[in-house]
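Here are the chains, one letter per residue:
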Amino acid sequence: QHAKGGGDGDGDDKVSTSDPQDAEDCNEANADDESSDFHRLGVPVDAPLNVCRSAYLKRVVESHPALAGSADDLALYRASFERIAESSMESLRDATAAAAQPRVQVNATNHPRIFLAMACYRDPEGIRSLASAFRNAANPRRVFAGVCWHYATTPEPKGEVTRAYLRVNRLTAKIEDEAQMIGGQGRDLDAEEKFLKKCMKHQRKLQKEEQRLEADCHTTAHPCFPAEFRSHVREVHEHYTQADGPSYARWIAHALWMGEEFTLQVDSHTRFVKDWDEILLRQYAACPHEKCVLTNHLLAYERAPKLGEDAQVTNG
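These numbers come from a predicted model, not from an experiment. All chains use their own residue numbering, which begins from 1 and follows the written sequence. In keeping with the model being predicted, local features are shown solely for residues with a pLDDT of at least 70 and side-chain atom pairs are shown and tallied solely at 80 or more, while totals for entire chains, interfaces and linings include all residues. Heavy atoms from the whole structure form the basis of all side-chain values; hydrogens and water molecules are not counted.

*Asks:* Teacher, can you tell me more about the pairing of strand β2 (residues 143–151) here?
*Replies:* The side chains of a regular strand alternate, residue by residue, between the two faces of the sheet. For β2, the tally of buried residues reaches 9 of 9 residues, placing the bulk of the element in the interior. Each residue gets one of three labels from its accessible area relative to the maximum for its type: buried under 20%, exposed over 50%, partly exposed in between, using a 1.4 Å probe on protein chains only. By the criteria applied, helices consist of DSSP H or I runs no shorter than four residues and strands consist of E runs no shorter than two, each listed in order from the N terminus. Of the two faces of β2, both are covered, the one formed by Val 143, Ala 145, Val 147, Trp 149 and Tyr 151 as well as the one formed by Phe 144, Gly 146, Cys 148 and His 150. DSSP-based pairing: two strands are paired if at least 2 bridges between them are found. In terms of strand pairing, strand β1 (residues 114–121) meets β2 through 8 bridges, oriented parallel. Of the residues in β2, the one forming a bridge with Ala 117 is Gly 146. Think of it like this: strands point away, you trace from the first strand over the helix to the second, and a clockwise trace means the crossover is right-handed. Handedness of the β-α-β unit built from β1, helix α4 (residues 125–136) and β2 comes out right-handed. The pairing of β2 with strand β3 (residues 233–239) spans 7 bridges and is parallel. What sits directly across from Tyr 151, in β3, is His 239.

*Asks:* How do you make sense of the nonpolar core when you look at a structure like this?
*Replies:* Grouped together as the largest cluster of nonpolar side chains are 27 residues, with contacts concentrated most on Leu 41, Val 43, Leu 49, Cys 52, Tyr 56, Phe 81 and Ile 84. Of all elements in the fold, only α1 (20–41), α2 (49–63), α3 (71–99), β1 and α7 (246–254) reach the threshold of two or more residues within this core. Ranked by the residues each element gives to this core, the list is headed by α3, at 6 residues. A contact between two residues is defined here by any heavy atoms of the two lying within 4.5 Å. In contact with Ile 84, not counting residues within four places along its chain, are Asp 37, Phe 38, Leu 41, Leu 49 and Cys 52. What makes a nonpolar core is a set of buried Ala, Val, Leu, Ile, Met, Phe, Trp, Tyr and Cys residues whose side-chain atoms join them at distances within 4.5 Å.

Spelled out as structure tokens, the structure:
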């Protein structure tokens, strides 16, 4: 988690005036340092964070002492990536905060805020989980969320058919089986190719529909999510091909934390009981130490047939 410090009102946080030339020289030095960080990792200065991370991991393997590398080089690569990552996350927090300002201010003393961190990889349950959290909270105004969505953010390249969608994958498998039967024992390749080209338009049509449905359920603009609390959700949208495992996605989600008193990490397939926020706060208050952590393995649930409907908790 990262937080920006604030003044306490005693005047210690005041900034003294300085020579404008000194400030300009400092800015240029910072820009040079940032540029050298990108150069050290071997990526352009405008490279996105996922590209920088891939380059960093490559450098880790090359410079690790266990593989005859240099510990000093490893430390330099790590420091460079951490500076790039922090700068990227700070820009991300500023951008999402500007786009998602809460309409109602919450008294943090009497009503501590809760930050939900959620990573969602191509999971239609993600928006249901988020909606469940806000709909079932005793005080939804105290709830904020940071979500890292990974899904098909853009249509597949024109003319291509991918097996990345379940229904398209099933259809393609049936088409391939049928094509082999058409080819027969002698494998009439011309007949097979003609059949496959004929089926291509049906695959593309289904793929386009699947991509649209996937995009629709990976945003708080979905009708199942309460519109009045969209401003409480900070969202990052990335194409599923940029995903690099759940830990990296959760790191991005947690980077959207902006000082809420409590954080709660949840999976993209979670359901919340009524007044869950009050229940958790009471349980936390009953703990013997202020640094306690509440954690548990959740019960299973049966998904509701329609978005917006309540799920049924099972004992499985």
